[in-house]
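# Summary of the model geometry
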Amino acid sequence: MGNSALRAHVETAQKTGVFQLKDRGLTEFPSELQKLTSNLRTIDLSNNKIESLPPMIIGKFTVLKSLSLNNNKLTVLPEELCNLKKLEMLSLNNNHLRELPSTFGQLAALKTLSLSGNELRALPPQLCSLRHLDVVDLSKNQIRSIPDIVGELQVIELNLNQNQISQISVKISCCPRLKVLRLEENCLELSMLPQSILSDSQICLLAVEGNLFEIKKLRELEGYDKYMERFTATKKKFA
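Presented here is a report on the structure given in the accompanying data block. (Residues numbered from 1 in each chain as written. Predicted model: local features only at pLDDT ≥ 70, side-chain atom pairs only at ≥ 80, totals over all residues. Heavy atoms only, no water.)

This part covers the overall build of the chain. When helices and strands are tallied, the chain shows 5 helices and 11 strands. For the C-alpha atoms alone, the extent of the chain along its principal axes is close to 65 × 30 × 30 Å. A separation of at least 24 residues holds for 38% of the contacts in the chain among residues at least 6 apart in sequence. Side-chain charges in the chain split into 30 positive and 26 negative, and the spacing between the mean points of these groups amounts to 6 Å. (Helix = DSSP H or I, 4+ residues; strand = E, 2+ residues; numbered from the N terminus. Contact = heavy atoms within 4.5 Å. Lys, Arg positive; Asp, Glu negative; His and termini not counted. Charge placed at Lys NZ, Arg CZ, Asp CG, Glu CD.)

Our focus in this paragraph is the environment of S38. Mapped onto the secondary structure, S38 falls in the loop between β1 (18-20) and β2 (42-44). Taking the C-alpha atoms as reference points, S38 and K226, 188 residues apart in sequence, are found 50 Å from one another. Setting aside anything within four residues of it in sequence, one finds S38 in contact with T62 and V63.

Turning next to the packing of aromatic side chains. By the definition in use, this model includes 3 aromatic pairs. Here the aromatic rings of F29 and F61 are separated by 6.2 Å at their centres, their planes lie at 65°, and the arrangement is edge-to-face. Placement of the pair is F29 in the loop between β1 and β2 and F61 in the loop between α2 (55-58) and β3 (66-68), with a sequence separation of 32 residues. For the residue pair F29 and F61, the accessibility class agrees, reading buried in each case. When the ring of Y224 is compared with that of Y227, the centres are 5.7 Å apart and the planes differ by 55°; the resulting orientation is tilted. Residue Y224 and its partner Y227 are located together in helix α5 (residues 224-238), separated by 3 residues, close to a single helical turn. Across the pair, exposure class does not vary: Y224 and Y227 are buried alike. (Phe/Tyr/Trp six-rings, centres within 6.5 Å; stacked < 30°, edge-to-face > 60°. Buried < 20%, exposed > 50% of the residue type's maximum accessible area, 1.4 Å probe, protein only.)

Over its 14 residues, helix α1 (residues 3-16) extends 20 Å from the first C-alpha to the last, a length consistent with the 20 Å expected when each residue adds 1.5 Å. When α1 is considered as a whole, its buried residues turn out to be L6, V10 and A13. The arc enclosing the buried residues of α1, seen along the axis, measures out at 60°, which places them on a common side. Pointing more than 90 degrees away from the buried face of α1 are the exposed residues S4, R7 and K15. Looking at the buried side of α1, the elements it contacts are β1. G17, located one to two residues past α1, shows a positive phi value of around 80°. (Expected span 1.5 Å × (residues − 1). Arc of directions from axis to C-beta.)

Note on placement: N72 falls in the loop between β3 and β4 (89-91). Its relative accessible area of 5% is what places N72 among the buried residues. Within polar-contact distance, the side chain of N72 engages the backbone nitrogen of I50 at 2.9 Å. A distance of 3.3 Å separates a polar side-chain atom of N72 from the backbone oxygen of L69. Those residues in contact with N72 that sit more than four places away from it in its chain are L45, S46, N47, N48, K49, I50, N94, N95 and H96. (Polar contact = N/O pair within 3.5 Å; in protein donor to acceptor, adjacent residues only side chain to side chain.)

Here we come to the pattern of salt bridges. Here the structure, examined in full by the defined rule, presents 7 salt bridges. We note a salt bridge from E88 to K111, for which the minimum N-O separation is 4.0 Å. Taken together, the residues span a long stretch of sequence, with E88 in the loop between β3 and β4 and K111 in the loop between β4 and β5 (112-114) at a distance of 23 residues. Its relative accessible area of 25% is what places E88 among the partly exposed residues. (Salt bridge = Lys/Arg side-chain N within 4 Å of Asp/Glu carboxyl O.)

Written out as structure tokens, the structure reads:
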């Protein structure tokens, strides 16, 4: 991509607060954006070949609300990313991330996090510090179990489809705001699904198709009727 084309994009972004440059074969984060650290609200660099984010620049976007880097080649995220105090939406689907920075819990404004199609092997504990987080997508990773710390998650929707989950802590029933739990296409036996999800949680949409049991067996579990009451009540609300 020519310098003049990039310059034009930068000039437009200066006026709009939005920088979008997708499908351009970029191999690095455009250094030209450091001129716009105080006025960019949205950056979308999806469908490129970016391998890393520049630590010296990335944390300086003081008003950035939305950052999308789907379909790139990121393997790690710099700690400096966590300085983005206004960031509400972070989308990093289809990269090669194995973990999140230890300071990830500092992204206090974050509401939506998408990490589908990465190489995460565990539920990142840093997510439990994020009090405004509503939706988390961790589908298509390599997560094998859900530990006790899950009970501290504040999310409304948690997508864990297409992982390798065979164990789930009973603490998942303690999530105070969790309404939608997606566990399709994992390695769950019915005996490993905590019954308290049905009988004693806020969850009103449980998606578990494609595991190691028949859905009709789920309907025979104690507490299923309570779950169906919540499911039906929610359905009516949105009808």
